[in-house]
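Structure assessment
As a plain string of letters, each chain reads:
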Amino acid sequence: MLKNCKLSFEIWGLLLFLIVMIPNFIWFAIPAPNDILRAESITEMVDTAASVCQILMIVSICIFRNRESKKLCISPCLL
């Protein structure tokens, strides 16, 4: 599975992560008046495991790169 991957910093992975996180940045800057997500959690272990998995996903998006992947190019079919 990781045979075709190499370790390098992938700027497109970081850009993809930042695009996906835009709603979270807005929510952090302008929180809802009655935000139930800031309440005390009753499943702290599950929340901790989810946070660790999220961090691992972000790191893997940014550092693993497929050696056989082609460069990203814009074509009329994509527009």
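Conventions used here
- Residues numbered from 1 in each chain as written.
- Predicted model: local features only at pLDDT ≥ 70, side-chain atom pairs only at ≥ 80, totals over all residues.
- Heavy atoms only, no water.
- Helix = DSSP H or I, 4+ residues; strand = E, 2+ residues; numbered from the N terminus.
- Buried < 20%, exposed > 50% of the residue type's maximum accessible area, 1.4 Å probe, protein only.
- pLDDT = per-residue confidence, 0-100.
- Patch = residues over 30% accessible without salt bridge, like charges linked within 9 Å, V, L, I, M, F, W, Y side chains within 5 Å.
- Areas by Shrake-Rupley, 256 points an atom, 1.4 Å probe, with all protein chains shown as cover.
- Salt bridge = Lys/Arg side-chain N within 4 Å of Asp/Glu carboxyl O.
- Axes fitted to C-alpha atoms, helices over the stretch in contact; angles between N-to-C directions.
- Parallel < 35°, antiparallel > 145°, perpendicular 65-115°, else oblique.
- Contact = heavy atoms within 4.5 Å.
- Nonpolar A, V, L, I, M, F, W, Y, C, P; charged D, E, K, R; others polar.

Here the focus is the overall build of the chain. Looking only at helices and strands, the chain features 3 helices and 2 strands. Across the chain, helices and strands are ordered from the amino to the carboxyl terminus as β-α-α-α-β. Looking at the 79 residues of the chain, the share that counts as buried comes to 6%.

So, about the confidence of the model for the chain. Predicted confidence across the chain gives a mean pLDDT of 78, with 76% of residues reaching 70 or more. Looking across the chain, the model is least confident in strand S2 (residues 64-66), with a mean pLDDT of 69, and most confident in helix H2 (residues 22-29), with 88.

Together, Phe9, Ile11, Trp12, Leu15, Leu18, Ile19, Ile22, Phe25, Ile26 and Ile30 make up an exposed nonpolar region whose accessible area comes to about 1000 Å². Counting only elements with at least two residues in the nonpolar patch, the list comes to helix H1 (11-20) and H2. Relative to the helices and strands, Ile26 is located in helix H2.

With that out of the way, let us pick up the packing of H1 against H2. The interhelical angle for the contact between H1 and H2, taken along N-to-C directions, is 50°, at an axis separation of 4 Å. One finds that H1 runs oblique with respect to H2. Where H1 abuts H2, its residues Leu18, Ile19 and Val20 lie against Ile22, Pro23 and Phe25. Per-class residue counts for the contact of H1 with H2 are 6 nonpolar, no polar and no charged.

With respect to the helices, strands and loops of the structure, Phe17 is situated in helix H1. Phe17 gets classed as buried once you look at its relative accessible area, which sits at 18%.

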